[in-house]
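The lines below spell out each chain.
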Amino acid sequence: MSSLSTADLLGTLQKDPRALEMFRYLSQGASIRVINYHNTEPRDIPRFEREIAYYAEHFQPVTVRDLDEFFATGRWPYERPGLIPAFFEGFRNHYDVVFPILEKYHFTGWFYIPSFFLDVPVPEQLEFSKAHELDVIDESAYPDGRFAMNWDELREISHSHEVCCHSGTHFQIFCDTPDEDMHREIVLAKQRLQEQLDKTVDVFCWLYGEEYGYNTRAHKYLEEAGYRYVLSNLKMEKIR
């Protein structure tokens, strides 16, 4: 396989602003890395064990409090770089498979939850997941049909890990999304998490990696809801 020439690389970066942004962060040496996960299936337990053990040995776990200090001072306060293992969608297998491993190695996970998925009645969860791009890989894994975490499981996770809002229904927000949909997916979704967890949820994570500045119409809802950070694929941005 031929290697990518410098000219080809520059051409690619110029065509895709997000690729250029990612290249800039990597070349400068980011203080915090993020690794994204979706389904965490039981067959992959040995791999997750190896990966999280490696993270615990080489990286500093990250909390929202660490972000507060980082943004306030502009300085990462630890010797080792930070790493966030991010678990998307609120799947039940996060609780069953990866949560015990994170606990074993005392490494903080970030769980990005579509709030209303946890409220879907069990007999309807598979259909809901298909309708909302919540990809269940192994439909036979849970014969009882419950593919989402329940609130008790998420509450347990929230005691030692970060819970973030990933919209209400795994909903992609566009610039022309109606106001009522933005309010539901940004404001009401956060309120539902906070009601159930009895704690503040400070972080909103866009679907498909959009940045805070991408959608100025959504700003007022993010601010109304009281989020302090917005995460995309390439940035962590502070709102207030």
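See above for the structure.
Rules used in this analysis
- Along every chain, residues carry numbers that run from 1 in the direction the sequence is written.
- Per-residue local features are limited, in this predicted model, to residues with pLDDT of at least 70; the limit for side-chain atom pairs, both in listing and counting, is 80 or more; totals at the level of whole chains, interfaces and linings are taken over all residues.
- The basis for the side-chain values is all heavy atoms of the structure; hydrogens and waters are excluded.
- Strands are runs of DSSP state E lasting at least two residues, helices are runs of H or I lasting at least four, and both sets are numbered from the N terminus onward.
- In this analysis, two residues are considered to be in contact whenever any of their non-hydrogen atoms come within 4.5 Å of each other.
- Using the Shrake-Rupley algorithm and a 1.4 Å probe, accessible areas are obtained, with residue cover drawn only from the displayed protein chains.
- Given a helix with a known number of residues, its expected span is that number minus one, times 1.5 Å.
- Two axes define the bend at a residue: one fitted to the seven residues ending there, one fitted to the seven starting there, and the bend is the angle between them.
- Summary of the burial criterion: residues with accessible area below 20% of their type's maximum are buried, those above 50% are exposed, and those between are partly exposed, where the area comes from a 1.4 Å probe applied to protein chains only.
- Definition used for salt bridges: Asp or Glu carboxyl oxygen within 4 Å of a side-chain nitrogen of Lys or Arg.
- Two kinds of site are reported from a 1 Å grid over the protein atoms alone, namely cavities, where a 1.4 Å probe fits but cannot get out, and pockets, open sets with protein on both sides within 12 Å along at least five of seven lines, and residues are called lining when an atom falls within 4 Å of a point.
- Grid points are joined across faces, edges and corners, and a volume is the space filled by probe spheres set on the points.
- For this scheme, ten residues count as nonpolar: Ala, Val, Leu, Ile, Met, Phe, Trp, Tyr, Cys and Pro. Four count as charged, namely Asp, Glu, Lys and Arg, and the remainder, Gly too, count as polar.
- What counts as an axis is a line fitted to C-alpha atoms, over the stretch in contact for a helix, and the angles between N-to-C directions run from 0 to 180 degrees.
- Angles below 35 degrees are treated as roughly parallel, those above 145 as roughly antiparallel, those between 65 and 115 as roughly perpendicular, and all remaining angles as oblique.

Caption draft 1: Representation of the overall build of the protein in the model. Within the protein, the regular secondary structure consists of nine helices and eight strands. Across the protein, contacts joining residues at least 24 apart in sequence account for 70% of those joining residues at least 6 apart. In the form shown here, the protein has an accessible surface area of approximately 12400 Å², with 51% of it arising from carbon and sulfur atoms.

Caption draft 2: Fine view of helix 8 (residues 179–197). With 19 residues, helix 8 extends 26 Å from end C-alpha to end C-alpha; this agrees with the ideal 27 Å at 1.5 Å per step. A bend of about 30 degrees at Leu188 is the largest found in helix 8. Taken together, the buried positions of helix 8 are Asp181, Met182, Glu185, Ile186, Val187, Ala189, Lys190, Leu193, Gln196 and Leu197. The inward-facing, buried residues of helix 8 contact strand 4 (110–113), helix 7 (151–158), strand 5 (162–165), strand 6 (203–205) and helix 9 (219–225).

Caption draft 3: Highlighting the pattern of salt bridges. According to the stated counting rule, one finds 16 salt bridges in the structure shown. Between Lys104 and Glu49 there is a salt bridge, with the nearest N and O atoms lying 2.6 Å from each other. With Lys104 in helix 5 (residues 92–105) and Glu49 in helix 3 (residues 45–58), this pair connects stretches of sequence that are 55 residues apart. The class of Glu49 is partly exposed, set by a relative accessible area of 22%.

Caption draft 4: Structural detail: the layout of surface pockets. Empty space within the second largest pocket amounts to approximately 230 Å³. Taken together, 16 residues form the lining of the second largest pocket, with His38, Phe88, Glu89, His170 and Tyr208 sitting closest to its centre. Here the lining of the second largest pocket is composed, by residue class, of six nonpolar, seven polar and three charged.

Caption draft 5: A look at the packing of helix 7 against helix 8. At a minimum axis distance of 10 Å, the contact between helix 7 and helix 8 shows a crossing angle of 80 degrees. One way to sum up the angle between helix 7 and helix 8 is to call them roughly perpendicular. Mapping the contact onto sequence places Trp151, Leu154, Arg155 and Ser158 in helix 7 and Arg192, Leu193, Gln196 and Leu197 in helix 8. Split into classes, the residues belonging to the contact of helix 7 with helix 8 amount to four nonpolar, two polar and two charged.

Caption draft 6: Region of interest: the environment of Lys190. One can find Lys190 in helix 8. Given a relative accessible area of 4%, Lys190 falls into the buried group. Sequence-wise, Lys190 and Leu222 are 32 residues apart; in three dimensions their C-alpha atoms are separated by 9.7 Å. Excluding residues that lie within four positions of it along the chain, Lys190 makes contacts with Cys165, Thr200, Val201, Ala225, Gly226 and Tyr227.

These figures capture arrangement, not role.
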